[in-house]
Amino acid sequence: QVQLVESGGGSVQDGGSLRLSCAASEYIYNKPCMGWFRQAPGKEREGVAVIVWDGRTNYADSVKGRFIISKDSAKYTLFLQMNTLKPEDTAMYYCAAAGRYGGTCSMTSQWYTYWGQGTQVTVSS
C-alpha cells in the first residue's frame, strides 16, 4: 500500500532550483511529524527539514536559507522548495512521517516510521 510518493527530483545545474512533492494518504499526512531526509552514497541518511503539525519547522544548517518545507492540507501533500542548489545537495531525497511527538519533531531518521521510495536530486557544477 503506497502511503508516501515523492516526485519532482531530477538533474539541475549548480545554483538552480527544484521543488519536491510528497503525496500522502490522509492517514499519514495527519501524523504529527513530517519531513524530508536525504542520503548520498556512502553517507548516513540525514534530516533536511521537518514540519510539525502546528506548522513549526526545523532545517539542517546546511540548507537553512535555501530550502523551504511546507504542506498543503487540501492536497495531503508535503513540499520541499530547494533553491540555490549545490553539488553537495546531490542525494536521494525521502519523504517521511512519524506518529510519535514529544513537543517537537526529531531530525533523526530513526524517529520516522513511514517512508516514501525516494526521488533522486542531482546537482551538477
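Starting from 1, residues in each chain are numbered consecutively following that chain's sequence as written. Per-residue local features are limited, in this predicted model, to residues with pLDDT of at least 70; the limit for side-chain atom pairs, both in listing and counting, is 80 or more; totals at the level of whole chains, interfaces and linings are taken over all residues. Heavy atoms from the whole structure form the basis of all side-chain values; hydrogens and water molecules are not counted.

Peer 1: Kindly report on the overall build of the protein chain, identifying the contributing residues and their values.
Peer 2: Here a helix means four or more residues in a row that DSSP labels H or I, a strand means two or more in a row labelled E, and each is numbered from the N terminus. When helices and strands are tallied, the protein chain shows one helix and 11 strands. Moving toward the C terminus, one meets the helices and strands of the protein chain in the order β-β-β-α-β-β-β-β-β-β-β-β. Values of the radius of gyration come from C-alpha atoms, whereas the globule rule sets the reference at 2.2 Å times the count of residues to the power 0.38. Its C-alpha radius of gyration of 13 Å places the protein chain within 12% of the 14 Å reference for a compact globule of 125 residues. Expressed along its principal axes, the backbone C-alpha trace of the protein chain runs to roughly 40 × 25 × 25 Å. Burial status follows relative accessibility: with a 1.4 Å probe on protein chains alone, a residue under 20% of its type maximum counts as buried, one over 50% as exposed, and anything between as partly exposed. Counting all 125 residues of the protein chain, 42% fall into the buried class. Working rule for contacts: check all heavy atoms of both residues, and any pair within 4.5 Å makes them a contact. Counted over contacts in the protein chain with a minimum sequence separation of 6, partners at least 24 positions apart contribute 61%.

Peer 1: Now, about the pattern of salt bridges: what can you tell me, with residues and values included?
Peer 2: Salt bridges are defined as contacts in which a side-chain nitrogen from Lys or Arg sits within 4 Å of a carboxyl oxygen from Asp or Glu. Applying the stated rule across the entire model yields six salt bridges. Residue Asp 89 pairs with Arg 66 through a salt bridge whose shortest N-O separation is 2.7 Å. Separated by 23 residues along the polypeptide, Asp 89 in the loop between strand 8 (77-82) and strand 9 (91-98) and Arg 66 in the loop between strand 6 (57-59) and strand 7 (67-72) bring together distant segments of the chain. Classification of Arg 66 by relative accessible area gives buried; the value is 9%.

Peer 1: Quick one: what's the story with the environment of Glu 46, residue by residue and with numbers?
Peer 2: Within the secondary structure layout, Glu 46 lies in strand 5 (residues 46-52). Note: C-alpha distance between Glu 46 and Thr 108 (62 residues apart in sequence) is 6.9 Å. Beyond its immediate chain neighbours, meaning those up to four positions away, Glu 46 contacts Trp 36, Phe 37 and Arg 38. Reaching out from Glu 46, the side chain makes a polar contact with the side chain of Arg 38 at a distance of 2.8 Å. Under the rule applied, a polar contact is a pair of N or O atoms within 3.5 Å (in protein, one hydrogen donor and one hydrogen acceptor; residues adjacent in sequence only if both atoms are side-chain atoms).

Peer 1: Give a detailed account of the nonpolar core, specifying residues and quantitative values.
Peer 2: With 29 residues, the main nonpolar core has Met 34, Trp 36, Leu 80, Met 82 and Tyr 93 as its most contacted residues. Among the secondary structure elements, those contributing two or more residues to this core are strand 3 (18-24), helix 1 (26-29), strand 4 (33-39), strand 5, strand 7, strand 8, strand 9 and strand 11 (119-124). Among all residues touching Leu 80, those that are not within four sequence positions of it are Leu 18, Arg 19, Leu 20, Trp 36, Val 48, Ala 49, Phe 67, Ile 68, Ile 69 and Tyr 93. We call a set of buried Ala, Val, Leu, Ile, Met, Phe, Trp, Tyr and Cys residues a nonpolar core when their side-chain atoms join them within 4.5 Å. Among the nonpolar cores identified, the runner-up in size contains eight residues, and Cys 33, Phe 37, Ala 98 and Cys 105 belong to it.

Peer 1: Describe in detail the state of the cysteines, supporting the description with residues and values.
Peer 2: By definition, a disulfide is the covalent link that joins the sulfur atoms of two cysteine residues. Only a pair of cysteine sulfur atoms within 2.5 Å qualifies as a disulfide here. What the rule picks out here adds up to two disulfides. A disulfide bridge connects Cys 22 with Cys 95, and the sulfur atoms are separated by 2.0 Å. Looking along the S-S bond of the Cys 22-Cys 95 disulfide, the torsion reads about -75 degrees, which is the left-handed sense. Note that Cys 22 is positioned in strand 3 and Cys 95 in strand 9, a separation of 73 residues in sequence.

Peer 1: I'd love a proper account of the side chain of Arg 38, names of residues and values included.
Peer 2: Structurally, Arg 38 can be placed in strand 4. Take Arg 38: its relative accessible area is 6%, and that puts it in the buried class. At 2.9 Å, the side chain of Arg 38 and the side chain of Asp 89 are in polar contact. Filtering out sequence-adjacent residues up to four positions away, Arg 38 remains in contact with Glu 44, Arg 45, Glu 46, Val 48, Ser 62, Val 63, Phe 67, Asp 89, Ala 91, Met 92 and Tyr 93.

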